[in-house]
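Commentary on secondary and tertiary structure
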Amino acid sequence: MASTTSSGSASGGGSALVFFVNGAKVVFDNVDPELTLLQVLRGKLKLAGTKLGCGEGGCGACTVMISHYSFGEKRIRHHAINACLVPVCSVHGCAVTTVEGIGSTKTRLHPVQERIAKSHGSQCGFCTPGIVMSMYTLLRNNPHPSRAEMESAFEGNLCRCTGYRPILEGFKSLTKDFCCSGPGAGGQCCMSVKDKDGVEVATALYDVSKFTPYDPTQEPIFPPQLMDGEWRRKHALAVAKGPRTVWYRPSSMDQLLELKSKHPKAKIVVGNSEIGVEMKFKNLVCPVLVSVVDVEELHAISSTETGLKVGAAATLTDVGHAMEKLVKDLAKYKSRVLVAFLDMLRWFAGQQIRNVASIGGNVMTASPISDLNPLLIAARSSLTFASHSGGQRTVPFSMDMFTGYRKMAVKEDEVLLCVTIPFTKENEFFEGYKQARRREDDIAIVNAGMRVLLSAEQDGGERTVEDCSLVFGGMAATTVSARATEKLLIGRKWSHDILSAVSQSLLDDLPLTSSAPGGMIEYRRSLTISFFFKFYLAVNDAIGTIAAEDVSAIHRTERAPTKSSQLYQEVPADQSQDDVVGRPMVHLTAERQATGEAVYVDDMPVLDGELQMGLVVSTVARANIKSIDPSPALAMDGVHHFVSVSDVPGCNLVGIIVADEEVFADGKVHCVGQVIGVVLAETQQLARQAAQLVHVDYEELPPIITIEQALEADSYLGTHWKLRKGDCEPAFANSDFVKEGEIRVGGQEHFYLETQACLVVPGEEDEVTLYASSQNPALSQEMAATILGIPANRVVCRVKRMGGGFGGKESRNSVLSAAAAVAAKVSGRPVRFMLDRDEDMVVTGQRAPFLARYKVGFNKDGKFTALDVQLYCNAGWTADLSNAVLSKAVRNIDHCYNWPNLHVTGRACRTNLPSNTAFRGFGAPQAALCVDAVVSDVAAWCGMPLEEVCEKNIGRTGDMTAGGQVLENDNTLRCFHEVKERADFSALKATATEFNKVNRWKKRGISVMPTRFAVAFHPAHKNQAGALVLVYLDGSVLLTHGGTEMGQGLHTKMVQVCSRELAIPASRIFLSETSTNTVPNTSPTAASMSTDLNGQAVKIACEQIRERLLPYRTKNPEGTWNDWVKSAYYDRVSLSATGFFKAPLAMLSSKTAGVELPAYMYFAYGAACTVVEVDTLTGDTQVLRTDIVMDVGTSLNPAIDIGQIEGGFIQGMGLFTMEESVVSPKGVLLSRGPGTYKIPGFADIPQEFNVALLRSAPNEKAIYSSKAIGEPPLLLATSVFFAIKNAVSAAREDAGVTGVFRLDSPATVERIRMACVDHLTKQVPSVGGDAPSWTVRP
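All of the points below concern the structure found in this document. (Residues numbered from 1 in each chain as written. Predicted model: local features only at pLDDT ≥ 70, side-chain atom pairs only at ≥ 80, totals over all residues. Heavy atoms only, no water.)

**Description of the overall build of the protein**
When helices and strands are counted, the protein shows 35 helices and 52 strands. Here the C-alpha coordinates of the protein stretch approximately 95 × 85 × 80 Å along the principal axes. Here the protein has roughly 46,700 Å² of accessible surface; of this, 51% comes from carbon and sulfur atoms. When the 133 basic and 144 acidic side-chain charges of the protein are each reduced to a single mean position, those positions are 1 Å apart. (Helix = DSSP H or I, 4+ residues; strand = E, 2+ residues; numbered from the N terminus. Areas by Shrake-Rupley, 256 points an atom, 1.4 Å probe, with all protein chains shown as cover. Lys, Arg positive; Asp, Glu negative; His and termini not counted. Charge placed at Lys NZ, Arg CZ, Asp CG, Glu CD.)

Here is the structure:
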């Protein structure tokens, strides 16, 4: 890029910001200190490759590389950082490298970009630039990393689409321990083999040998100017002033202390990982910020004979490196404290945060869940402070330093200079503990630092406690020491006899009420005693007195580098090389996604006069609106309009099925997050600030939040679904056993990486164009027309691509786009919005939580006789798609089993929560988990293995489903048997059994679970699609169809279909976008039907073109495609064609609410086998292995299909094990960002992940005998849930607890631990008292 200089002189007397971006010098005068690097990159420098995913450093989409010259070390240092948190002022004198700076499709791809694209590691592509930059930075620091180092590089990156495996697999070729075995026997590729029945199968999705080797000598040079000390001194950024904030950057300790004396309330900034989040999400205004990056003393790290002295501004990465060196050099006993710190640092945030966050920031933030403060206090560390007036003082770091929540006993003008950590003594033992929802990059639920000094060994091997520290985070408003317990221990013998007394004392020391922030009261209390039990055993291990059965308690299960395999059927040997159907063709835009060139809504250039839209939303769950006062917002410079219901020219009520949703609240609010109005301003930041100033006065009313509250209030939406097969009552009477139970399945946030976004451009004659991130352009068109009161032909909705959707953009984007359409009408100017992550999560709803109550009849041989189920879903405040979701669940409650007699009812509960909506699987995952839980309970009641009960009852061809449809070519059992064989299930189960015999505190579980997924839209009219094919005179083809691209590879598959039908290379076909002015009245891209419907429409359109060209091909058989096209044109033959397809659906006269429903087109089948390992003392779980066999018919694209299987499975694993929405009793969503809501990360996927596509299983009912693949694999993640339940059963058996037990979904660490009943959990009293709970389960 060219050099960029802002208006004004660059010699601003210490106020000019100077840095380099991708080799070009950038100069800004008097830049606003509140601006982040991301805002400058995207807004001012127009580098849109770096994405905004969360704004809090939790997803990694904004990752860039920062390089600076260390004058002390005389070397260039490279760090991956989160551009969304880093203040732009902090990069003064640095070089910034973005994804655009390392490679381009117009020049060449960098080897990192090439690998992630060609290894199929980019689906929606929104996360791809950040992942590329994490890998790139690793290579700049270490050109030959190990696989473990490579996988560790992504601790701060998230991906919602791929399931991570293809990313790791592609980058594996850049590691030093990568080995490709080359040709196999007979000169054939080692990745191509014959299956046992002689079918040619392949295991390679790409050719590693064709990747460009990485050459570190070809990287761009660091700007020499930034290595010039004289230039640095002359151009130091002393001060920068913005409208609300002044930024100082002192170059010495004296300057810093003088500044702090003048501005005692100034915030000191190092990594900005805490202050930045508070400024963005808590509306914190910091009048003075002081950067200490140039104060050398604060970055110094040194060691003495007795300890390690760490400058307060030293980054956690630098601290870790210093500790690693010391551990190698010190005597083993002296380094025990450092080993504990290093272990904690592994789980402290992600690398991007550790690269900028400082140890002093961790101390001074005084967070009650700080990972490091418990360790620092337990180690008896000391803190050294300095001030301009008082000089230096050193104090012991103890809990007494904390005066309240995030408050410390420090004078306002004092600065923390350093932290001194003493080495451990010869008989001193030290450990740190942390438990979070997710292993990597997660805040602690509870953490601890524990230290004990024992006497020398006495006669009989006894040792006495001479001193100890037991310090906890997450148990109070501050970090706390268990002082009574510490006192109890001193002087006691270190023996098993102390455990009971210590446990009781810890419970007394660390009380929690039922309303304590954070919830999970019993679990958190149990962790305190579990941690001490682990500590006790760890010390015993160190002194050689641990019992063999207890060893499993002390070591965390280490993750091995990921292994995987992918198996699919080769195309026929005689298939033309130009025919790409059935081949692993790379996603059409993968390379552009990897280089940051792929354009999403918020990447589009700013239009002349464009305004940004900020939402004003309800802060209460149910209320009458007494008044709205936007005047404080409108008084701000740059704020132009406040738009509300009074500005709506058409109808304010919209809906995807029932028009019951207000776009703008009209007199009442029905949930937290309901849109009351919008503010229009010149910048996104200003719009959001202004929206906060709009004052709304409420008259609050009692809300309904949970399913149980809705049942009590008789609060429902829509149809009372009822379905009956056979007669349950006589079947129950004739059954050997009849049992009853209940199970819950929690909701799930979509967490698409690109939040909801749209750009609305008004035109002449009431024309409006929507550029939307929408799965449903026809609905967006309809809602905009409805609210504007204009015909639909005046509205065009265009969708280029989405950064993920998963159902969350089927209806919710359309409602928000309708609001933006009104805003554009009122202002007469283009209006754009892209929601913040927390906004998106609060406003847009999620997967509906379910409650199932069941009665099951079965015989002693495990055969089912009858099932009666009542299903309830929490729909939120409007119908949206909840009734359709519930209908899918009701019709699929039999899952893949044959229930001779079945009765199911379903109600959608109306509550005061945001409207819940479609999500991948659409009710089937909840139904599957519920009925699999019944099957699991039946197995336990019968004393039979779960897999045996499953196999006995799996439906077969000819059986009838719950919805009255006869099964044809049912492959469930075939997949079930094949996955058991491929995984060697018997051997895995035997290994797990042996492991459990010798390990008391870790247990392995295994399960193999089948699935059957019904494919079709619920309303028959949605099972249609259109396509438009345009052939130009140069022979190029423009293809358009009704489906949208959100990463699932739909456009790629459509090009493959078009290529086959026209018999031309795929490279000659272009697919630009989906738009309502080319293909009208489209069905949403949903229900796993998009390839089936749009593929047939494309095929029909192409057949017309082919038929028209046939005479010219016949006349000129030696001619080319271009010849035939030109001949047809000169004969005035149309070279455009529309294709239309409607799926042939039979109607079923089922008894579902007395409504006749369409039969499903077909069913998709699969099975998965999973092995897990559970730490029974904490609930921490690792998935060791998963094997999947999936029936996809004849795959159109094995790479895309396998990617969908892996991505769907990992998303399902999140649903069933990790992702938990936390809601307050007043209906406030508390888990509203990656900091508090955890989706699976790179380290959460199975350590061994094997996927095989069922061979020789064509499906005559879909395009080219393929099958739907988007949703079915998600259901296979029940195998993880029931493997966990199997492990918990083993733990309970060891504790003498047998029989059926309830485990709700998600199986979080809390639920797992509390289900593993043992002598520790029994000591924890149940939560009592009249205080309200901090959370409720919706």
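**With respect to a nonpolar patch on the surface**
On the surface, a cluster of nonpolar side chains totalling about 340 Å² of accessible area is made up of Leu-1033, Tyr-1129 and Tyr-1130. Take Tyr-1130: it is sitting in helix H32 (residues 1121-1130). (Patch = residues over 30% accessible without salt bridge, like charges linked within 9 Å, V, L, I, M, F, W, Y side chains within 5 Å. Salt bridge = Lys/Arg side-chain N within 4 Å of Asp/Glu carboxyl O.)

**A closer look at the environment of Asn-859**
As for its placement among the helices and strands, Asn-859 is situated in the loop between strand S39 (850-858) and strand S40 (864-876). In sequence terms Asn-859 and Glu-151 are 708 residues apart; their C-alpha atoms lie 49 Å from each other. The residues touching Asn-859, leaving out its near neighbours within four places in the chain, are Asn-734, Ser-735, Asp-736, Phe-737, Thr-865 and Cys-942. At a separation of 3.1 Å, a polar atom in the side chain of Asn-859 contacts the main-chain amide nitrogen of Asp-736. (Contact = heavy atoms within 4.5 Å. Polar contact = N/O pair within 3.5 Å; in protein donor to acceptor, adjacent residues only side chain to side chain.)

**Observations concerning the nonpolar core**
Counting residues in hydrophobic clusters, the biggest one holds 264 residues, and the most contacted among them are Phe-171, Phe-664, Leu-871, Tyr-897, Trp-899 and Trp-1121. Take this core: its biggest share by element is 12 residues, from helix H26 (residues 924-942). One finds Ala-349, Val-356, Leu-376 and Ile-421 within the second-largest nonpolar core, a separate group that totals 79 residues. (Core = buried A, V, L, I, M, F, W, Y, C linked by side-chain atoms within 4.5 Å. Buried < 20%, exposed > 50% of the residue type's maximum accessible area, 1.4 Å probe, protein only.)

**Considerations on the packing of aromatic side chains**
In total, this model carries 23 aromatic pairs according to the counting rule given. When the ring of Trp-494 is compared with that of Tyr-536, the centres are 5.3 Å apart and the planes differ by 45°; the resulting orientation is tilted. Linking Trp-494 in the loop between helix H14 (483-489) and helix H15 (498-509) with Tyr-536 in helix H16 (residues 521-543), this pair joins segments that are 42 residues apart in sequence. Here Trp-494 matches Tyr-536 in class, with each residue buried. Ring pairing ties together the aromatic residues Phe-154, Tyr-164, Phe-171 and Phe-1242, which thus form one cluster. Directly above the aromatic system of Phe-995 lies the positively charged group of Arg-1004, at a separation of 4.1 Å from the ring centroid. The positively charged end of Arg-1012 is found above the aromatic ring belonging to Phe-1163, 5.5 Å away from the centroid. (Phe/Tyr/Trp six-rings, centres within 6.5 Å; stacked < 30°, edge-to-face > 60°. Lys NZ or Arg CZ within 6 Å of the ring centre and 35° of its normal.)

**Notes on the sheet that holds strand S45 (residues 1069-1070)**
On the basis of which strands lie adjacent, the open sheet formed by 4 strands has the order S45-S44-S43-S47 and mixed pairing. Both edges of this open sheet fall to S45 and strand S47 (1136-1142), since each of them pairs with a single strand only. Against the sheet, helix H30 (residues 1050-1062) engages strand S44 (1037-1041) and S45, with an angle of about 130° to S44. Strands in contact with helix H31 (residues 1090-1115) are strand S43 (1024-1031), S44 and S47; relative to S47, the strand with the most contacts, it is inclined by about 140°. (Pairing = 2+ DSSP bridges. Axes fitted to C-alpha atoms, helices over the stretch in contact; angles between N-to-C directions.)

**Quick word on the packing of helix H27 (residues 946-953) against helix H28 (residues 972-983)**
Each pair of packed helices gets described by two things: the angle between the helix axes and the distance between those axes. Two elements in contact, H27 and H28, have axes separated by 10 Å at closest approach and are oriented at 150°. When the axes of H27 and H28 are compared, the pair comes out roughly antiparallel. Note that H27 runs across H28; the crossing there is left-handed. Counting all contacts with H27, which are made through Glu-947, Cys-950 and Glu-951, the residues of H28 involved are Leu-973, Phe-976, His-977 and Lys-980. Grouping the constituent residues of the contact of H27 with H28 by class yields 3 nonpolar, 1 polar and 3 charged. (Parallel < 35°, antiparallel > 145°, perpendicular 65-115°, else oblique. Left-handed = near helix turned anticlockwise from the far one by under 90°. Nonpolar A, V, L, I, M, F, W, Y, C, P; charged D, E, K, R; others polar.)

**A closer look at the packing of H30 against H31**
Direction vectors running N to C along H30 and H31 enclose 30°, while the axes themselves pass 9 Å from each other. With respect to each other, H30 and H31 are oriented roughly parallel. Handedness of the H30/H31 crossing: right-handed. Counted together, Leu-1050, Lys-1053, Met-1054, Val-1057, Cys-1058, Glu-1061 and Leu-1062 of H30 and Ser-1090, Thr-1091, Asn-1094, Gly-1095, Val-1098, Lys-1099, Cys-1102, Glu-1103, Ile-1105 and Arg-1106 of H31 form the full contact between these two elements. Considering only residue class, the contact of H30 with H31 consists of 8 nonpolar, 4 polar and 5 charged.

**Things to note about the pattern of salt bridges**
Two side chains that carry opposite charge are able to pair once their charged atoms sit near each other. Evaluated as defined, the whole model comprises 67 salt bridges. With its nearest N and O atoms 3.0 Å apart, the salt bridge here joins Asp-400 to Arg-483. Here Arg-483 lies in helix H14 and Asp-400 lies in the loop between strand S16 (391-396) and strand S17 (402-404), a separation of 83 residues in the sequence. The exposure class assigned to Asp-400 is partly exposed, which follows from its relative accessible area of 49%. One continuous salt-bridge network, built from bridges that share partners, spans Glu-742, Arg-853, Arg-1302, Asp-1304 and Arg-1337.

Read these as layout, nothing more, since geometry by itself doesn't imply function.
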